[in-house]
Amino acid sequence: MARKIFYNRRSRRRLAVATGMLASAAMLFSAGVYAGKTYPTVFSASTYLNSDAAPLTLAATEF
């Protein structure tokens, strides 16, 4: 009887960890999709490669 209770407790812990990891992955993915849709030029390499403007650089005093 004690073994069955201990096994069920471990099983719930694994399920809770797996659920937390899946929830974290889903939130990270949705944040990435939101950022990609909101700021598409930031995540587009072609924007930087084909632009005629000078690249944006920071001076040492701006750090």
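What you see is a predicted model; the values in this text were computed from it and never measured.

**Some thoughts on the overall build of the chain**
For the chain, the helix and strand inventory stands at two helices and zero strands. When burial is assessed residue by residue, the chain has 0% of its 63 residues classed as buried. Just so you have it, the chain exposes about 6300 Å², and 66% of that area is on carbon and sulfur atoms.

**Thoughts on the environment of F43**
Tracing the backbone shows F43 in the loop between α1 (2-38) and α2 (45-49). Each residue touching F43, except ones within four places of it in the same chain, is listed here: A35 and G36.

Reading the values: rules and limits
Residues numbered from 1 in each chain as written. Predicted model: local features only at pLDDT ≥ 70, side-chain atom pairs only at ≥ 80, totals over all residues. Heavy atoms only, no water. Helix = DSSP H or I, 4+ residues; strand = E, 2+ residues; numbered from the N terminus. Buried < 20%, exposed > 50% of the residue type's maximum accessible area, 1.4 Å probe, protein only. Areas by Shrake-Rupley, 256 points an atom, 1.4 Å probe, with all protein chains shown as cover. Contact = heavy atoms within 4.5 Å.

Function cannot be inferred from these measures alone, as they are strictly geometric.
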